[in-house]
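A look at the structure
Here's the letter readout for the chains.
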Amino acid sequence: MAIEVRPATSFEDVKILVGPKRPDATVCWCLSYRIPSKQNVSLRGEERAELVRQLVAQDPPPGVVAYDGGEPVGWAAVHPRADTSFARNRRIPHVDDRDAWSVWCLRVRPGHRGRGISHHLLAGAVALARDYGAPVVEGYPVDNGGHKVDLTMAYVGTRRLFEDAGFTKAADTTSVLNGFPRVLMRLELITSRS
């Protein structure tokens, strides 16, 4: 398996990974944390796809895509926290005022799971943030203590996944997903000066 992770600049590839089967369906498109709640609720069907098409054309792109032999098999959303709902989220604390980037969604297509692709996606998300000068990257995974996480809720990742990528726990949160507490995990990319 030669997994390659690249910036999400192809709308068609992102659509395969996070888009609906029916174009008029109103599904997440990985927008729920990326845009303000009011806008997220108001966007319907193909309006959601159009916004994602615009985001994919922006610099920086909205995330990264994992490819296996050229086939898109995984998605990770990563962007400056200031441009996400985490900038205002009361359940996820701010550790400091640095310009952190957030990783909030890791998705691997059915048929490709259980092969370590999430690890590649997280590494690719960190690389994208580093390429854009991020001083630190954050994630908000569940602290499941090794217990099984429902696949529909596993998109935030697990504490273990983030620890395996070198992240350390920076704070507790008041957010709970699938019955598990979420923790704020951080990876320093640029050491802050005192």
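Residue positions are given per chain, counting from 1 as you read along its sequence in written order. The model is predicted, so local features are restricted to residues of pLDDT at least 70 and side-chain atom pairs to those at 80 or more, both for listing and for counting; the totals for chains, interfaces and linings are taken over all residues. Derived side-chain values reflect all non-hydrogen atoms in the structure, with water molecules and hydrogen atoms excluded from consideration.

A closer look at the side chain of Arg 34
For the purposes of this entry, the term helix denotes a DSSP run of H or I that reaches at least four residues, the term strand denotes a run of E that reaches at least two, and both are numbered from the N terminus. Structurally, Arg 34 is set in the loop between helix H1 (11–18) and helix H2 (37–42). We call a residue buried when its accessible area falls under 20% of the maximum for its residue type, exposed when it is over 50%, and partly exposed in between, using a 1.4 Å probe and counting protein chains only. Just so you know, the count uses Lys and Arg for positive and Asp and Glu for negative, and it drops His and the chain ends. Counted as salt bridges are all cases of a side-chain nitrogen of Lys or Arg within 4 Å of a carboxyl oxygen of Asp or Glu. The buried charged residue Arg 34 lacks any salt bridge, with Asp 83 as its nearest oppositely charged partner at 5.1 Å. One polar contact links the side chain of Arg 34 to the main-chain carbonyl oxygen of Asp 83, over a distance of 3.1 Å. Whether two residues are in contact is decided by their heavy atoms: any pair within 4.5 Å suffices. Excluding residues within four positions of it along the chain, Arg 34 makes contact with Leu 55, Gln 58, His 79, Asp 83, Thr 84 and Trp 104. The term polar contact refers here to a pair of N or O atoms within 3.5 Å; inside protein, the definition further demands a hydrogen-donor-capable atom paired with an acceptor-capable atom, and it admits residues adjacent in sequence only when both atoms are side-chain atoms.

Regarding empty space enclosed by the protein
If a probe the size of a water molecule is rolled over the atoms, the empty space left behind becomes visible. Grid points spaced at 1 Å over the protein atoms alone were grouped into cavities, where a 1.4 Å probe fits but cannot get out, and pockets, open sets with protein on both sides within 12 Å along at least five of seven lines, with lining residues defined by an atom within 4 Å of a point. Grid points are joined across faces, edges and corners, and a volume is the space filled by probe spheres set on the points. Counted under the stated rule, the structure contains 1 cavity of 30 Å³ or more. By volume, the largest cavity is sized at about 60 Å³. If you go around the largest cavity, the residues you meet are Val 14, Trp 29, Cys 30, Leu 31, Arg 34, Val 52, Leu 55, Pro 62, Trp 75, Ala 77 and Trp 104. Listing elements by their share of the lining of the largest cavity, those giving two or more residues are helix H3 (46–56) and strand S3 (71–80).

Observations regarding the nonpolar core
In this structure, Val 14, Leu 31 and Trp 75 are the most contacted members of the largest nonpolar core, which totals 27 residues. Mapped by element, the contributors of at least two residues to this core are H1, H3, strand S2 (63–68), S3 and strand S4 (101–108). It is H3 that contributes the most residues to this core, 5 residues altogether. Apart from residues lying up to four places away in sequence, Val 14 is in contact with Ala 8, Gly 19, Val 52, Val 56, Val 65 and Trp 75. Val 64, Leu 106, Leu 121 and Leu 189 belong to the second-largest nonpolar core, a separate cluster that totals 26 residues. The set of buried Ala, Val, Leu, Ile, Met, Phe, Trp, Tyr and Cys residues whose side-chain atoms join them within 4.5 Å is what this entry labels a nonpolar core.

Some details on the pairing of S2
Counting buried positions along S2 yields 5 of 6 residues, so the element is predominantly enclosed. For strand S1 (residues 3–7) and S2, the ladder comprises 5 bridges, and the chain directions are antiparallel. Paired with Ile 3 across the two strands is Asp 68, which belongs to S2. If DSSP finds at least two bridges between two strands, the strands pair. Count of turn residues in the S2/S3 antiparallel hairpin: 2 residues, of which Gly 69 carries a positive phi of about 60°.

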